[in-house]
Number of protein chains: 2
Amino acid sequence: MQTDPAPRTAPITRPTLADVAALAGVSASTASLAYSGSGPVSDATKERVLAAASELGYAGPDPRGRSLRRGRSGIVGVVLEERVRAAFLDPVKIQMLDGITEGIAPLGAGLLLLTDTGEEGGNAVGIESAPVDAVVLVGCSPRLGHSVEALRRRGIPAVAIEGATGDDVPQISIDNREATRRGAEYLRDLGHTDVALVTLPFDAARTRGPLTPDLERGSTADTASERLLGARDVFPHATGRAAAVSSIEEGLEAGRALLADPAHRPTAVIAQSDLLAAGVIQAAEELGVAVPAELSVLGFDGIRVDGLQHDLTTLVQPSVAKGRAAGEAVVQLLAGEPPESVCFTSTLHVGDTTGPPPRSPSAAGATPSRP
Amino acid sequence: MQTDPAPRTAPITRPTLADVAALAGVSASTASLAYSGSGPVSDATKERVLAAASELGYAGPDPRGRSLRRGRSGIVGVVLEERVRAAFLDPVKIQMLDGITEGIAPLGAGLLLLTDTGEEGGNAVGIESAPVDAVVLVGCSPRLGHSVEALRRRGIPAVAIEGATGDDVPQISIDNREATRRGAEYLRDLGHTDVALVTLPFDAARTRGPLTPDLERGSTADTASERLLGARDVFPHATGRAAAVSSIEEGLEAGRALLADPAHRPTAVIAQSDLLAAGVIQAAEELGVAVPAELSVLGFDGIRVDGLQHDLTTLVQPSVAKGRAAGEAVVQLLAGEPPESVCFTSTLHVGDTTGPPPRSPSAAGATPSRP
DNA sequence: CAGCCCGCTCGAATCGATTCGGCCTAGAAT
DNA sequence: ATTCTAGGCCGAATCGATTCGAGCGGGCTG
């Protein structure tokens, strides 16, 4: 009565530590000690246990039992606001992820990819129920609050990258507003007065389209809002368009819309990401608008953009360092130390996509403020 | 008004299902049923349990206990042969990862990133001890055999992408040899006879340098070997250099070495990845060698390479489909169905980096085999 | 020679949830 | 009215490993 080929020693089930102990002639507790090495066990005994284990083909303690008892799973979750595909298309995310792995290296923990897209169905392993010791929330997800609440109830410590949770969750962020302001000031000093914006999405719906007061007010995305404020600090009346995601395609679309009418064409565009900036440049090329002669474009991130011919003027943020800081914060949290927020600063990299505005304003009796 | 209510019932420890059951006035088993919904429980009771849970701030069954009992953790491991940073720099890997998430979607499982770089120290969660239900081995890791053995002992089903394990592990692969042969034939038909190779690493040490019989014989990397064979099918005596990793930098270095001596310059280079090909092209530009006029370059993968000006002639492989197939194989395996290997085919994309060889061979009385 | 200390093992409890068989009760059928 | 049926609920065992305190024998010291 055996469905499987029943070898002499192997029952249907995999050997457990108890089996090993029995074969070695010791108690389960001793066998456990022999493995974890955290107790006084004679070398002879330990060897006997190991021998028994190898005879049984025992591959070491089952992580499930272990994590139940220990209360730790050795896994750190990374919560992405988008599906994995989208996140990995964003070079900034990848760099942060890499930084995170560096940061949590001392833990020797694994990285579990999670998304907080809505409810998890059935047996799904979501943020609500994943065997993680801590999580890193990546990106300013609109539904971040929901996730944080779930984690709090589960008693799982969290660190947020670029997402104000307003709680006891440590934040890893950058000077979004100040950085953008510096970039805007640079454009202003070049002589630009007619500046358009291309922003990251503001809300969970990822509404694409013209910037409206309603949209801005309803923002649940801090990064977009902060960068918007930084731009407005210098160009109070600047307006533009919101993209649905940070991608070249979205930037292209926004760029087409902004540059469509030659009569009302900005002399500069402040894009909230390098990918969006690249898209705007692509749109400019399509429409025969020269960059930077007729249009200056400013990006944000400091990544190398695939296929972009220009050396983009952009605000370079330390993505890897951000990730690493988040990882280190997780380590601290798990060690019981108090959470510590960090704010990095970005630097303006001047490339070849920005320059003085063209001599004659694109028509339209705009403020000729320069004598 | 108490954010952290220290209610009469809440001790230092988090509530368990038993606590909830007690408060609801039912047994733990009933409470469990109320949550899993897999048994007959009256609506009234269920509601009472849920109410008790919310009163206690119970966030649902602990995944540790659940997975111990159920024997499933709801996590699928992805074993990368390199550190995460390196893997995510490779667009092919990212695409495969994305495909995997698609493939395992019906499982609702999380993805745990693992690397099989050597032994795991201390409490590290490695391939030896990770709470995974199955794993996908990505890439032809030299130490793959070791990983497979560990998994077999633990009884964890695995699927390998591009790595011959020679066992009962289902393989997801592509026609590396045939595809490369087709590419080589294309070059031959253009008139090339003097072709150099730039290969992926052959061994665990990632030895960089000239191809030698020793190196080729000692190969533990099937992808590199297969593609090499495909090239040799057409150019039996072709030689070249092995790169340490698939990257533009490595390709650049190999390209410099291959093109250094104007007297012994190949008219075409077969690179085993697009990144390597891009590096070779970069080297050619450095040295003033025109592509494709003086040098044809063939890549492999079909990705868009960052910053590359050309439309690379390459063998396009279905990376996402490979990942998806692997994910689907995992689902099958977990469902108890027999493993199923898949082999995809690549297609030759002719871009602008290949053309006929220059009129006068690069000097050196090389085999003027064409009359 | 007796007593004490120390190092090694063992038992038993615990972590938190799930599952299976059995019991109980209310309503229905005869 | 009695028996049958079935839906609901409970008890207890189980998953696999870890941990803490107790026991026990041998070596060292006074």
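Rules of the game
- Residues numbered from 1 in each chain as written.
- Chains lettered and ligands numbered in written order.
- Predicted model: local features only at pLDDT ≥ 70, side-chain atom pairs only at ≥ 80, totals over all residues.
- Heavy atoms only, no water.
- Near = heavy atom within 4 Å.
- Polar contact = N/O pair within 3.5 Å; in protein donor to acceptor, adjacent residues only side chain to side chain.
- Helix = DSSP H or I, 4+ residues; strand = E, 2+ residues; numbered from the N terminus.
- Nonpolar A, V, L, I, M, F, W, Y, C, P; charged D, E, K, R; others polar.
- Least-squares fit on C-alpha atoms with pLDDT ≥ 70 in both.
- Contact = heavy atoms within 4.5 Å.
- Buried area = accessible area lost by both parts, 1.4 Å probe.
- Salt bridge = Lys/Arg side-chain N within 4 Å of Asp/Glu carboxyl O.
- Pairing = 2+ DSSP bridges.
- Axes fitted to C-alpha atoms, helices over the stretch in contact; angles between N-to-C directions.
- pLDDT = per-residue confidence, 0-100.

Peer 1: I'm lost on the protein's contact with DNA strand C in this one. Help?
Peer 2: Taken together, 24 residues are adjacent to DNA strand C, and Thr30(A), Thr45(A), Arg69(A), Leu17(B) and Tyr58(B) come closest. For DNA strand C, the backbone portion of the atoms within 4 Å of the protein, that is sugar and phosphate, comes to 63%. Between DNA strand C and Leu17(B), the relevant distance is 2.4 Å, taken from a phosphate oxygen to a main-chain nitrogen or oxygen of the residue. Contact distances for DNA strand C include 2.3 Å between a phosphate oxygen and a side-chain N or O atom of Tyr58(B). Ranked by residue count, the leading element in the surface near DNA strand C is helix H4 (residues 63–70) of chain B, at five residues. Of the residues contributing to the surface near DNA strand C, the split by class is nine nonpolar, ten polar and five charged.

Peer 1: Help me understand the relation of the copies chain A and chain B, please; the structure alone is not making it clear to me.
Peer 2: Between the two copies of the chain lies a rotation about an axis combined with a shift along it. Each copy of the sequence occupies a distinct position, and chain A is placed on chain B by a rotation of 180° and an axial shift of 0.0 Å, giving an RMSD of 0.1 Å. In symmetry terms, the pair is related by a two-fold rotation axis.

Peer 1: In this structure, what is going on with the interface of chain A and chain B? I would like to understand it.
Peer 2: Where interface size is quoted, it is often the accessible area lost as the parts come together. Each partner contributes residues to the interface: chain A has 45 residues there, and chain B has 46 residues. Between chain A and chain B, a total of about 4000 Å² is buried, with carbon and sulfur atoms accounting for 56% of that surface. At the junction of chain A and chain B, the tally comes to zero salt bridges. Viewed at the interface, chain B and chain A are joined by six residue pairs in polar contact (both at pLDDT 80 or more). Mapped by element, the contributors of at least two residues to the side of chain A that touches chain B are helix H4 (63–70), helix H5 (84–89), helix H6 (91–103), strand S2 (110–115) and helix H7 (144–154) of chain A. Split into classes, the residues belonging to the side of chain A that touches chain B amount to 19 nonpolar, 13 polar and 13 charged. Sheet topology note: the S2(A)/strand S2 (residues 110–115) of chain B ladder contains three bridges and is antiparallel. Bridge assignment links Leu112(A) to a residue of S2(B), and that residue is Leu112(B).

Peer 1: When you look at the sheet that holds strand S4 (residues 158–161) of chain A in this model, what are you seeing that I'm missing?
Peer 2: Backbone-to-backbone hydrogen bonds pair the strands of a sheet. The strands run either parallel or antiparallel. Strand order in the open sheet formed by twelve strands is S12(A)-S5(A)-S4(A)-S3(A)-S1(A)-S2(A)-S2(B)-S1(B)-S3(B)-S4(B)-S5(B)-S12(B), with mixed pairing between adjacent strands. What marks the edges here is a single partner per strand, and that holds for strand S12 (342–344) of chain A together with strand S12 (342–344) of chain B. Going across the sheet, the axis of each strand differs from the next one's by a mean of 20°, ignoring polarity. Sitting on the sheet, helix H13 (residues 319–334) of chain B touches strand S1 (75–80), strand S3 (134–138), strand S4 (158–161), strand S5 (171–174) and S12 of chain B, and the angle it makes with S4(B) is about 165°.

Peer 1: What is the right way to look at the protein's contact with DNA strand D in this model?
Peer 2: Taken together, 24 residues surround DNA strand D, and among them Leu17(A), Tyr58(A), Thr30(B), Thr45(B) and Arg69(B) come closest. Of all atoms in DNA strand D that approach within 4 Å of the protein, 65% are sugar or phosphate atoms. For DNA strand D, a base nitrogen lies 3.3 Å from a polar atom in the backbone of Gly65(A). Here a base oxygen of DNA strand D sits 2.6 Å away from a polar atom, N or O, in the side chain of Arg69(B). Counting only elements with at least two residues in the surface near DNA strand D, the list comes to helix H2 (28–36) and H4 of chain A together with helix H2 (28–36) and H4 of chain B. Ranked by residue count, the leading element in the surface near DNA strand D is H4(A), at five residues. Across the surface near DNA strand D, the residue classes break down as nine nonpolar, ten polar and five charged.

Peer 1: Help me understand the confidence of the model for chain A in this model?
Peer 2: In low-pLDDT segments, the atomic positions of the prediction should not be examined closely. Within chain A, residue pLDDT values average 88, and 90% of them lie at 70 or more. In the predicted structure, residues 1–11 of chain A sits below a pLDDT of 50 and forms one contact with residues beyond four places in sequence or in another chain.

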